Amino acid sequence: MKKISGWGNYPLVDSEINRFDTERELVKLLASESKTIARGNARSYGDSALAHNVISSLSHNRMLYFDTEKGILKCESGVLFNDILDVIVPKGWFLPVTPGTKFITVGGAIASDVHGKNHHGEGSFSNYLDEFEIACADGSIKICSPSNEQELYQATCGGMGLTGVILNATFRLKKIESAYISQKQIKAKNLDEIVELFDEYKSATYSMAWIDCLKGGNAFGRSILICGEHASFEELSTNQKKAPLNLKPKKKLNVPFNFPAIALNPFSIKAFNALYYAKNYKKVMEGVIPYEPFFYPLDAINNWNRMYGKNGFVQYQFVLPKEGGKEGLVKILKKIRSKGMGSFLAVLKAFGEQNDLIAFPMEGLTLALDFPVRKGLFEFLNELDVIVLEYGGRIYLTKDARMDGQTLAQSYPNFSKWKAIVEKYNPNFKFASTQSDRLNITS
Amino acid sequence: MNDKKVLILGATSDVGKALAQVYAEQHFQLVLAARNVKDLEPIKSDFEIRNEAKVEIAEFEATDYSSHPAFIDKVGTPDICICVFGYLGDQTEAENNWDEAKSIMSINYIGAASILEEVAKKMTDKKTGTIVGISSVAGERGRQSNYFYGSSKAGFTAYLSGLRNRLFHKGIHVLTVKPGFIDTKMTAGMDLPKPLTASPLQVAKAIAKAARKKKNTIYVLSMWRLIMYIIKTIPEGIFKKLKL
Ligand SMILES: Cc1cc2nc3c(=O)[nH]c(=O)nc-3n(C[C@H](O)[C@H](O)[C@H](O)COP(=O)(O)OP(=O)(O)OC[C@H]3O[C@@H](n4cnc5c(N)ncnc54)[C@H](O)[C@@H]3O)c2cc1C
Ligand SMILES: NC(=O)c1ccc[n+]([C@@H]2O[C@H](COP(=O)([O-])OP(=O)(O)OC[C@H]3O[C@@H](n4cnc5c(N)ncnc54)[C@H](OP(=O)(O)O)[C@@H]3O)[C@@H](O)[C@H]2O)c1
């Protein structure tokens, strides 16, 4: 037994961690009585990969097939995006979709159906998924694709591990000419301007914005839009051209221990934001930078999650539909400001259309904010939930540690259809997480 | 690419996989052998994709002694042969069921000696090579908690020192590895003291280095040398009363 948590260090659960190397070992683990849930690299923030018994995929991490001509990769579910990038980038390929950290597993990418900065044009990870194999509650192994075992396939993409343990997956990669991104940063004075900018730059392959949640008045919602394209060979500097597909390894910073939560009062957040803005003194800044700081700025600091102190934090990520969403966003941002519940990091992004069974994205705006866990927080977030529901939005399960089952059922239109499929393949709730119990999916 | 070839016997073990990684990074050609070839397939593809390594896989059953000559003919003479496989078994089970006792002894000692004799012959013909045997500190003194395993490893350790003595004159080097605790499948679920427990990768790196430097015996974590010295010097009259 060991205390484990997600990335937010909240909640903590006493858990027995079981690993498996081979399919045979997994099937053996599944034969035992205990309820369990798959766990990848625990980069989900809340309690979706938590239970008193978890099955870690991290030893099941072999790459099985790489077609360097067509850009198709097959690997076991415990392989990290980080390892994939090390292999594919030098060969001129990139991940079709990547979240803001490369320390996630392929299994986690499917189970959360992750999105990246290209969602508005290119959709989520499952769009590039040709096939996966999954071990179900009865120990049977099924091969799923958009045309085979269709309902199991659909319920698994974004299904938070509740249909079984994904063993391996085959997916398509994206061709690149260089390991660099040509980036454009554009300052937005306020919320209206950033929302317009997202529209203006909707043809950009990658885009997202940092938003200052604390500023009021004229500068309410001031932000920086960051857009990017994979740089062509021609765009590179002479130096970059020498090895266009190879980046030099960088040293990482470490957060060695849990910061006292006090370090994160609104002052430090203000200071952080001021610093961030000072760097962007011009309205538009352009440059060609390595892909790592573009996609994974936070990965440069190991264990940055410890900055929130030992009580941990939750990330609140919601999406509001395009129609009326901006109004809802204003309401929520104002509420955050008035309570001084400011978030260290706030990321704003525009999603494109997506109509999958249980996926989080929908066309509209999504905002992700971090909140250190403290008294009054959960009551406050419940108030935010009401606004999200009122505007027809929903909350991202892979970030969630506290919403209630009713909110979930109301906000995901296919919830009952999805739940019925989960119950078919996971009839006795062999697979159940702290989250799925809390949300009354498996309890 | 290096034209040197390393043969890993028991390549599905955690230490075997770590060794394959270390040697793949040094651009060795890998010959991975294990009793379940199917388990080797993903390991092979992984090293091919990640390290662009040249990898062969082969079926190897330690207790199928008569198959050993053909096995080594098939895979060819390696530059380095590492005997990694082993079986801890269940001591209590072995006390009650001779088959279990026999398995422990035949895998760890007879199986290992049988295959290494064949490897030694081939290397003698080539007048070059390195043989590495992973034995155990458990072989240094029999204890009630694992004396079947311990005695089989003791036999293996003695075998390796004899082999080293014999092959020294033929230009072939033999390395004995006596790891203390290693965090692997073999010890999964045991509550091992952290400072005395090595990771498979730590063990693999230590082995590759010691093989290169032609060391005779290594312990991986140096604390173990001291611990075993103390354990070996306890007088038998006292030792027999201990619960070890
Ligand atoms: C800094 C940071 C930035 C992030 N940015 C984004 C972002 O931009 N977009 C985005 O979409 N997400 C983002 N995330 C969230 C992250 O991408 C997801 O939570 C992802 O699922 C984590 O993968 P993991 O391997 O760590 O899985 P875990 O956190 O271990 O598990 C997450 C879920 O996947 C399930 N699961 C894991 N492995 C398997 C398997 N083999 N079979 C079945 N189910 C499995 C678990 O049961 C659990 O429900 C971010 C996270 C961090 C820390
Ligand atoms: N772990 C420790 O604390 C520790 C300490 C000291 C010494 N050692 C020694 O270090 C070596 C590696 O150990 P490990 O912990 O990595 O072990 P492990 O992961 O348990 O692997 C044992 C290996 O031996 C193979 N094997 C077992 N019986 C076999 C047979 N009859 N024929 C062929 N192969 C057989 C297994 O094959 P399958 O995969 O097919 O089962 C597996 O590859 C062993 O010699 C062990 O005795 C270990």
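Rules of the game
Residues numbered from 1 in each chain as written. Chains lettered and ligands numbered in written order. Predicted model: local features only at pLDDT ≥ 70, side-chain atom pairs only at ≥ 80, totals over all residues. Heavy atoms only, no water. Pairing = 2+ DSSP bridges. Helix = DSSP H or I, 4+ residues; strand = E, 2+ residues; numbered from the N terminus. Contact = heavy atoms within 4.5 Å. Axes fitted to C-alpha atoms, helices over the stretch in contact; angles between N-to-C directions. pLDDT = per-residue confidence, 0-100. Buried area = accessible area lost by both parts, 1.4 Å probe. Salt bridge = Lys/Arg side-chain N within 4 Å of Asp/Glu carboxyl O. Polar contact = N/O pair within 3.5 Å; in protein donor to acceptor, adjacent residues only side chain to side chain. Buried < 20%, exposed > 50% of the residue type's maximum accessible area, 1.4 Å probe, protein only. Core = buried A, V, L, I, M, F, W, Y, C linked by side-chain atoms within 4.5 Å. Phe/Tyr/Trp six-rings, centres within 6.5 Å; stacked < 30°, edge-to-face > 60°. Near = heavy atom within 4 Å. Areas by Shrake-Rupley, 256 points an atom, 1.4 Å probe, with all protein chains shown as cover. Nonpolar A, V, L, I, M, F, W, Y, C, P; charged D, E, K, R; others polar.

**Q** Describe the sheet that holds strand β18 (residues 313-321) of chain A, and please don't skip the residues or the numbers.
**A** Residue and element names in this part refer to chain A. Across the sheet, which stays open at both edges, the eight strands sit in the order β16-β12-β14-β13-β19-β20-β18-β21 with antiparallel pairing between neighbours. For this open sheet the edge positions go to β16 (284-290) and β21 (394-395), each flanked by a neighbour on one side alone. In this structure, strand β13 (residues 206-211) lies alongside strand β14 (residues 223-230), joined through six bridges in antiparallel fashion. Counterpart to Met208 in the pairing with β14 is Ile226. Running at roughly 145 degrees to strand β12 (residues 180-188), helix α6 (residues 191-200) makes contact with β12, β13, β14, β19 (346-351) and β20 (364-372) of the sheet.

**Q** Requested: an account of the confidence of the model for chain B, with residues and values cited.
**A** Confidence in the prediction of chain B, expressed as mean pLDDT, is 95, and 100% of residues score 70 or more. Reported confidences for the modelled complex are a pTM of 0.94 and an ipTM of 0.91.

**Q** Describe in detail the interface of chain A and chain B, supporting the description with residues and values.
**A** Counting from both sides, the interface comprises 15 residues of chain A and, opposite them, 13 residues of chain B. Interface area for chain A against chain B, summed over the two sides, is near 1,100 Å², with a carbon-plus-sulfur share of 45%. Considering only the surface of chain A that becomes buried against chain B, A:Asp21, A:Arg62 and A:Met63 emerge as the three largest contributors, covering 45% of it. In this structure, the connection of chain A to chain B is made through five salt bridges. Inspection of the region where chain A meets chain B yields eight residue pairs in polar contact (both at pLDDT 80 or more). Going through the elements one at a time, α1 (23-30), β5 (63-67) and α2 (81-88) of chain A are the ones with two or more residues in the side of chain A that touches chain B.

**Q** Would you mind going over the side chain of A:Ser5 in detail, with residue names and values included?
**A** Residues and elements named next belong to chain A. With respect to the helices and strands, Ser5 occurs in the loop between β1 (2-4) and β2 (13-19). Residue class for Ser5 comes out buried when judged on its relative accessible area of 11%. Once you skip the residues sitting within four places of it in the chain, Ser5 turns out to touch Tyr10, Pro11, Leu12, Arg39, Ala42 and Leu50.

**Q** Outline the sheet that holds strand β4 (residues 53-56) of chain A, supporting the account with residue identities and numerical values.
**A** Residues and elements named next belong to chain A. With respect to topology, four strands assemble into an open sheet ordered β1-β2-β4-β3, the strand pairing being mixed. Each edge of the open sheet carries a strand with a single partner, namely β1 and β3 (37-39). Between one strand and the next, the sheet's axes are offset by a mean angle of 55 degrees, whatever the strand orientation. Bridge analysis of β1 against β2 gives three bridges, and the strand direction is antiparallel. The partner of Ile4 across the bridge, within β2, is Val13.

**Q** Got a sec to walk through the nonpolar core? Specific residues and values, please.
**A** All names here are of chain A. In this structure, Ile84, Phe132, Phe171, Phe318 and Phe371 are the most contacted members of the largest nonpolar core, which totals 127 residues. Sort the elements by how many residues they give to this core and helix α11 (residues 377-390) lands first, with six residues. Excluding residues within four positions of it along the chain, Phe318 makes contact with Leu329, Ile332, Phe360, Leu365, Thr366, Leu367, Leu369, Val388, Arg394 and Ile395.

**Q** Describe the pairing of β4(A), and please don't skip the residues or the numbers.
**A** Residues and elements named next belong to chain A. The alternating pattern of β4 places Asn53 and Ile55 and Val54 and Ser56 on opposite faces, both of which are buried. Alignment of β2 against β4, held across four bridges, turns out to be parallel. Counterpart to Glu16 in the pairing with β4 is Asn53. In this sheet, β4 lies alongside β3 in parallel orientation, the contact comprising three bridges. Bridge assignment links Arg39 to a residue of β4, and that residue is Ser56.

**Q** With reference to specific residues and values, describe the packing of aromatic side chains.
**A** All names here are of chain A. Counted under the stated rule, the structure contains 28 aromatic pairs over all chains. Judged by centre distance (5.5 Å) and plane angle (55 degrees), the ring pair of Tyr10 and Phe378 falls under tilted. Residue Tyr10 is found in the loop between β1 and β2, and its partner Phe378 is found in helix α11; the two are separated by 368 residues along the sequence. With a centroid separation of 6.0 Å and an interplanar angle of 70 degrees, the aromatic rings of Tyr206 and Phe294 are classed as edge-to-face. In this pair, Tyr206 is assigned in strand β13 and Phe294 in helix α9 (residues 291-295), connecting sequence segments 88 residues apart. Relative accessible area serves as the criterion here: at 2%, Phe294 is assigned to the buried category.

**Q** Describe in detail the site of ligand 2, supporting the description with residues and values.
**A** All names here are of chain B. In the vicinity of ligand 2, 27 residues are found, and the nearest of them are Thr12, Val84, Tyr149, Ile182 and Thr184. In the model, an oxygen atom of ligand 2 is placed 3.1 Å from a nitrogen or oxygen of the Ser13 main chain. Here an oxygen atom of ligand 2 and a backbone polar atom of Val15 are 3.2 Å apart. Burial of ligand 2 by the protein amounts to 91% of the accessible area it has alone, namely 910 Å². Listed by contribution, the elements that provide at least two residues to the shell around ligand 2 are α1 (14-25), α6 (147-168) and β7 (181-182). Each residue belonging to the shell around ligand 2 can be placed in one class, and the counts come to twelve nonpolar, ten polar and five charged.

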